[in-house]
Amino acid sequence: MRSGQRRRTTTAAQASATGTTTRERVGGGIGSDAERPDGVPKVQGRFGFSSDAFAEGMLWGRTLRSPHAAARIRSIDTSGAEQLDGVEVVITAADVPGRATFGLEHPDQPVFASDVVRYQGEPVAAVAAVHPEIARRAVEAIAVDYEPLDPLIDAEAAVDADPIHPDGNVVRHIEIVHGTPDEITGSVVVEGTYEIGMQDQAFMGPESGLAIPDGDGGVDLYISTQWLHVDRDQVAACLALEPEQVRLTLSGVGGAFGAREDVSLQVHVCLLALRTGQPVKMVYSREESFFGHVHRHPARMHYRHHADHDGTLVKVEASLWFDGGAYASSSTAVISNACSFAPGPYRVAHAHVRGWAMRTNNPPCGAMRGFGSVQVCMAHEAQMDKLAAALDIDPVELRLSNALRTGDQLITGQRITGVAPVAECIRAAADAPPLDDDRDEPLRFPGGTGRTADRHHVRRGTGVAVGFKNLMYSEGFDDFSTAAVRLEVGADGAPVATVHCAAAEVGQGFVTLAQQIVRTELWAQVVHLHQADTAIGSAGSTSASRQTWMSGGAVQGACDRVRERLLQRVADRRGIDLTGARREVLALRDGEIRHVDDGWSVPLGEALEDGPVEANYEHHHVRTDPFDERGQGDAHVSFVFAAHRAVVDVDPELGLVRVQQLTTGQDVGRALNPRAVIGQIEGGIAQGVGLAVMEEIVLDEGCIANPSFTDYLIPTALDMPVVDATLIEQPEPGAPYGAKGVGEPPTISSTPAVVAAIRDATGLDLRRVPVRPDDIALRRS
Amino acid sequence: MTRHDTLREESVAYGLHINGRDHAVQAGWLGESLLYVLRERLGLPGAKNACEQGECGSCSVLLDGVLVCSCCVLAADAVGSDVRTVEGMGDDGELTDVQQAFLEAGAVQCGFCIPGLIVAVHDLLDRRPDADELSVREAISGNLCRCTGYGRILAAVAAVQRERAGA
Ligand code: FES
Ligand code: FES
């Protein structure tokens, strides 16, 4: 295999200078390639995903959705569905007992549309029936009389258009003014307008869940989601229940990538279960999945960069138009990120950035891996290449000379206090070994064997791009996490630990990491994971690359307390004083509790004889601030960086592209499970490559033209390039184990690297992703 | 009494032979796919439902030794055939070499595509043990994975090939 990995690690001296404690290794602990605890059931097909959930006598739920992007509802007649044998209940907006709307940040989205529909696919009614086919026929038998309206489909035009929602069309407008942009002009100015199409998360496991009424007015929901507690709160509000009456348990999640942050079927399925008094299961088809979750915001971005002749960036101006579709979802945070990171990871003293997240009748958009940074990275990196060409400076050198470092200020006024190995990332990506390939193999040609390019026409190009984003939530939000750890003696006499944390495992490997942390901290080889549910406090969302830091920190904190209690227990038994400076006289090491001075030790199992030791811990990150009216403030917790180099082959006549190689340098803080990190990097790059050359939800007057895997293409094993990753390990101060989240950076700059490589191969000024064959062959962009 | 008269006239009882055992299907609606019947009627949810239109391979099973998308096969059409699902790979819960290699290579993330890939890779390596990397990529290009970017999956396949060639 040529796919590979190199690690570049700081020396121990550098590491300790940043204040990160290094701990001894324990088998399967931190830093090892520990195996996933859910791996065996997953390869055997025994792992329970949410779509596998089953209850005796369960009904099947199904949603009726609007075929129009904008319409008034004149009437809804459900009698046809109710008359079908096997239909147990039909529900509409009139049946929602509590708050009529839900929403991640603002409850602006109706559980069911009642008077107007604002996007194609908006839920209008739902049914529960004894068989999925009956449910399908029932939904078809509901008669809705619509009066279609002209859809509002352009985000920029939406500013002056009639409001499509009582809250108006501007979901959020942000302005960042940094330095004195009005007074500064660079000697070289480049500008451009860039566009990004709507990308879908396209996780494999469709939205699905099983709701079981508890017979007492409450409900248990088995669901795939990214954040159990925020789902619970929305379900409870809409069903007019107390939060304790809605209990959520995480059911196997088949990928997420942001699409499971928002509620999809949660309220519907619980309401169907409560109305029928029976368990109800809902599983979206792939087509329904395209309508049932938010997508990545399409964007139009106008940029102007100013630089001095020596290549110093002096000013960046940008106007960013993000299309949030019909409802708010997380648009306010997406546009905040886009504005914060608009110039890319470069020092720039002056900036004027204006961002708008708009409401339109397009499908709602919200979270997707990279969250706001993906869009602007495509634009700022195109601008950097333009600038390099205008200045006649090597694009890599231009980036290196402007690269952010620790201590530098962002355009939001915040200084980077953590590590910022931007230059190291760029060098690692740019200097990685070139592709050693066999160009004569037809399967490797652009288009593969189906539409094979003519070998003599194929041109190769190379491009480099850099990106960054924040870790955790920003602007004053306290997205804490909670964990409980119990340590006791197992049946065989060996110590056993149990971890309870509501962090959603969506495939990223938090379950592996939780075990690694406990093994390292408590020397318990056997670590049980309690199911993630709402019986414990919130863990926050599995998004913003935050669970390693936040829930990892919570598990570590709980372990620390367990250890302290255990040491205290031994001290009490032996009459040892552990106060003040004597606190460290006992230590847990190598599976025993040792007296550091006297040399005696007690095996862990013996120390646990008096019963289990348990502790809870709530982990909060440092406080952040909201932005002021100039978009200035210490709004972010930490930053993560990556660079990519892409090598592509293009047939300019046919417009076909094949991405041959992606090299990357990624700032990971510290790789807690290097193999899992590589998995995240390769998977993230796949999504970046997809956005560059094939993935787009095609909209026709607000309606989705390609809601299937037949027409919405994601990379296959044949489309994926060889990936060569270098992990830049410089521990992040304040982060548990010095580790940064690794999931998002691979999707941020991989897309612009591929586009730059296509520009390099073709000489075309490509301003839009995905790059379609016509854009190349017909020079349409 | 059947509660769903709506489908009664379109339903029938039949038997399927799966992983060496006979299973009875009572009053199955004729429109049900093999995937649905495995998952919802017979308690064999290993084959997965990512698209149910033949595009992703997550539902892959062997039908008389031929790799098929079980979402595109009518269950009633599989009467008399030998069906093998991911649950039938490996004896008595033992891991196969392919399953073991997937774990060791770090090929599993969310795992939704994995059962289909396990079946597909077994089929490929039984037919073409020495397939080169490009052929492996082509052979599994009908199995979509959204998490891994395929790198660790390809590493797992290569590891099995090395192991089998050495044995
Ligand atoms: S579920 Fe059968 S091919 Fe996708
Ligand atoms: S591991 Fe998630 S789809 Fe493949």
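Being a predicted model, the structure only gives us computed values, none of them experimental.

Participant: Help me understand the overall build of chain A in this model?
Facilitator: A count of helical and extended segments in chain A gives 18 helices and 34 strands. Over its C-alpha atoms chain A spans a radius of gyration of 27 Å, differing by no more than 12% from the 28 Å that the globule rule assigns to 781 residues. Summarising its shape, the C-alpha atoms of chain A cover approximately 80 × 75 × 55 Å along the three principal directions. A separation threshold of at least 6 residues defines the contact pool for chain A, and within that pool the share at least 24 residues apart is 80%. With an accessible surface of roughly 26,200 Å², chain A has 47% of that area assigned to carbon and sulfur atoms. For chain A, the separation between the mean place of its 70 positive charges and that of its 106 negative charges on side chains is 4 Å.

Participant: Just checking my understanding: could you explain the interface of chain A and chain B for this structure?
Facilitator: Interface extent is often summarised as the accessible area lost during association of the parts. Contacts between chain A and chain B engage 73 residues on the former and 57 residues on the latter. Regarding the contact of chain A and chain B, the summed buried area is about 5,200 Å², with carbon and sulfur atoms giving 57% of it. At the boundary of chain A with chain B, the tally comes to 6 salt bridges. Two residues, E695(A) and R146(B), come together in a salt bridge whose shortest N-O distance is 2.6 Å. Of all the secondary-structure elements, those providing two or more residues to the side of chain A that touches chain B are helix 2 (39-44), strand 2 (59-65), helix 4 (132-140), strand 15 (280-283) and helix 15 (674-693) of chain A. Residue contributions to the side of chain A that touches chain B peak at 8 residues, all from helix 15 of chain A. When the residues that make up the side of chain A that touches chain B are grouped by side-chain class, the tally is 34 nonpolar, 22 polar and 17 charged.

Participant: Please explain the packing of aromatic side chains as it appears in this structure.
Facilitator: Given two aromatic rings, one states the distance between the centres and the angle between the planes to describe the pair. All names here are of chain A. For the structure shown, the criterion picks out 13 aromatic pairs over all chains. Centroid distance F341 to F468: 4.8 Å. Interplanar angle 70°. Geometry classified as edge-to-face. Residue F341 is found in the loop between helix 8 (331-340) and strand 19 (350-358), and its partner F468 is found in strand 21 (residues 459-471); the two are separated by 127 residues along the sequence. With a relative accessible area of 3%, F468 lands in the buried category. Geometrically, the ring pair formed by F341 and F639 is edge-to-face, given 6.2 Å between the ring centres and 80° between the ring planes. Placement of the pair is F341 in the loop between helix 8 and strand 19 and F639 in strand 29 (residues 638-651), with a sequence separation of 298 residues. Judged by its relative accessible area of 5%, F639 falls in the buried class. An aromatic cluster of three or more residues is present, and its members are F341, F468, F639 and F641. One Lys or Arg, R574, reaches over the ring of W600 and ends 4.2 Å from the middle of that ring.

Participant: Explain the sheet that holds strand 3 (residues 60-63) of chain B here, please?
Facilitator: In a beta sheet, neighbouring strands are held together by backbone hydrogen bonds and run either parallel or antiparallel to one another. Residue and element names in this part refer to chain B. With mixed pairing, the 5 strands of this open sheet are ordered in space as 2-1-5-3-4. Looking at strand neighbours, the two that pair on one side only are strand 2 (21-29) and strand 4 (66-69), the edges of this open sheet. On average, each strand axis in the sheet is tilted by 40° relative to the strand beside it, whichever way the strands run. Two elements, strand 1 (residues 11-18) and strand 5 (residues 82-84), share 2 bridges in a ladder whose sense is parallel. Bridge pairing links I18 to V83 in strand 5. Here helix 2 (residues 34-41) sits on the sheet in contact with strand 1, strand 2, strand 3 and strand 5, set at roughly 105° to strand 2. Where helix 4 (residues 114-127) meets the sheet, its contacts fall on strand 3 and strand 4, and the angle it forms with strand 3 comes to roughly 45°.

Participant: Would you take a moment to explain empty space enclosed by the protein for this structure?
Facilitator: Empty pockets left among the atoms are what a rolling probe the size of a water molecule brings to light. One pass over the full model with this rule turns up 7 cavities of 30 Å³ or more. Of the pockets and cavities examined, the largest cavity occupies roughly 190 Å³. R36(A), R675(A), A676(A), G106(B) and V108(B) are the residues nearest the centre of the largest cavity, which is lined by 19 residues in total. At the level of secondary structure, the elements contributing two or more residues to the lining of the largest cavity comprise helix 15 of chain A together with helix 3 (97-105) of chain B. Approximately 160 Å³ is the volume attributed to the second largest cavity. In terms of lining, the second largest cavity is formed by 17 residues, of which the most central are F102(A), Q109(A), Y119(A), V263(A) and G292(A). Of the residues assigned to the lining of the second largest cavity, the class counts are 10 nonpolar, 5 polar and 2 charged.

Participant: Is there a simple way to explain the pattern of salt bridges in this structure?
Facilitator: Side chains bearing opposite charge may pair, as long as their charged atoms lie close to each other. Residue and element names in this part refer to chain A. Under the defined criterion, the tally for this structure stands at 54 salt bridges over all chains. D154 is the salt-bridge partner of R300, the closest N and O atoms lying 2.8 Å from each other. Of this pair, R300 sits in strand 17 (residues 299-307) while D154 sits in the loop between strand 9 (143-148) and strand 10 (170-178), and the two are 146 residues apart along the sequence. Exposure remark for R300: the relative accessible area of 24% places this residue in the partly exposed category.

Participant: Would you explain the packing of helix 3 of chain B against helix 4 of chain B in this entry?
Facilitator: The description of two packed helices rests on the angle between their axes and on the distance between the axes. Residues and elements named next belong to chain B. Two elements in contact, helix 3 and helix 4, have axes whose closest approach is 10 Å; the angle formed by their N-to-C orientations is 130°. The angle between helix 3 and helix 4 places the two elements in the oblique class. For the pair helix 3 and helix 4, the sense of crossing is right-handed. Residue-level contacts link D97, V98, Q99 and F102 of helix 3 to I114, L117, I118, V121 and H122 of helix 4. When grouped by side-chain class, the residues that make up the contact of helix 3 with helix 4 number 6 nonpolar, 2 polar and 1 charged.

Participant: Honestly, helix 6 (residues 266-276) of chain A in this entry has me stumped. Any pointers?
Facilitator: Because the α-helix completes a turn every 3.6 residues, residues three or four places apart line up on one side. All names here are of chain A. When you tally the buried positions in helix 6, you get 9 out of 11 residues, the bulk of the element. Taken together, the buried positions of helix 6 are Q266, V267, H268, V269, C270, L271, L272, A273 and T276. Backbone geometry just after helix 6 places G277 at a positive phi near 70°.

Participant: What should I look at first to understand helix 11 (residues 422-431) of chain A in this one?
Facilitator: Most of helix 11 of chain A is tucked away, with 7 of its 10 residues classed as buried. Taken together, the buried positions of helix 11 of chain A are V422(A), A423(A), C425(A), I426(A), A428(A), A429(A) and A430(A).

Participant: Where do I start with the sheet that holds strand 11 (residues 188-196) of chain A in this structure?
Facilitator: Residues and elements named next belong to chain A. The strand order 10-19-18-17-11-34 describes an open sheet built from 6 strands, whose pairing is mixed. Lying at the two open borders of the sheet, with one neighbouring strand each, are strand 10 and strand 34 (768-769). Looking at chain direction, strand 10 and strand 19 are connected through 8 bridges and run antiparallel. Bridging from a neighbouring strand, R172 pairs with A357 of strand 19. The strands touched by helix 9 (residues 373-391) within the sheet are strand 11, strand 17, strand 18 (313-323) and strand 34, with strand 11 carrying the most contacts at an inclination of about 150°.

Participant: Would you explain the side chain of T542(A) in this entry?
Facilitator: All names here are of chain A. By the element assignment, T542 lies in the loop between strand 24 (526-529) and helix 13 (547-574). Polar contacts involving the side chain of T542 include one to the side chain of Q547, which spans 3.2 Å. Apart from the residues lying within four places of it in its own chain, the contact partners of T542 are Q226, A503, A504, V506, Q508 and Q547.

Quick notes on the rules
- Residues numbered from 1 in each chain as written.
- Chains lettered and ligands numbered in written order.
- Predicted model: local features only at pLDDT ≥ 70, side-chain atom pairs only at ≥ 80, totals over all residues.
- Heavy atoms only, no water.
- Helix = DSSP H or I, 4+ residues; strand = E, 2+ residues; numbered from the N terminus.
- Rg over C-alpha atoms; globule rule 2.2 N^0.38 Å.
- Contact = heavy atoms within 4.5 Å.
- Areas by Shrake-Rupley, 256 points an atom, 1.4 Å probe, with all protein chains shown as cover.
- Lys, Arg positive; Asp, Glu negative; His and termini not counted.
- Charge placed at Lys NZ, Arg CZ, Asp CG, Glu CD.
- Buried area = accessible area lost by both parts, 1.4 Å probe.
- Salt bridge = Lys/Arg side-chain N within 4 Å of Asp/Glu carboxyl O.
- Nonpolar A, V, L, I, M, F, W, Y, C, P; charged D, E, K, R; others polar.
- Phe/Tyr/Trp six-rings, centres within 6.5 Å; stacked < 30°, edge-to-face > 60°.
- Buried < 20%, exposed > 50% of the residue type's maximum accessible area, 1.4 Å probe, protein only.
- Lys NZ or Arg CZ within 6 Å of the ring centre and 35° of its normal.
- Pairing = 2+ DSSP bridges.
- Axes fitted to C-alpha atoms, helices over the stretch in contact; angles between N-to-C directions.
- 1 Å grid on protein atoms, 1.4 Å probe; cavity = no way out; pocket = protein on both sides within 12 Å on 5 of 7 lines; lining within 4 Å.
- Points joined across faces, edges and corners; volume = space filled by probe spheres on them.
- Parallel < 35°, antiparallel > 145°, perpendicular 65-115°, else oblique.
- Left-handed = near helix turned anticlockwise from the far one by under 90°.
- Polar contact = N/O pair within 3.5 Å; in protein donor to acceptor, adjacent residues only side chain to side chain.

So yeah, pure geometry; function would need other evidence.
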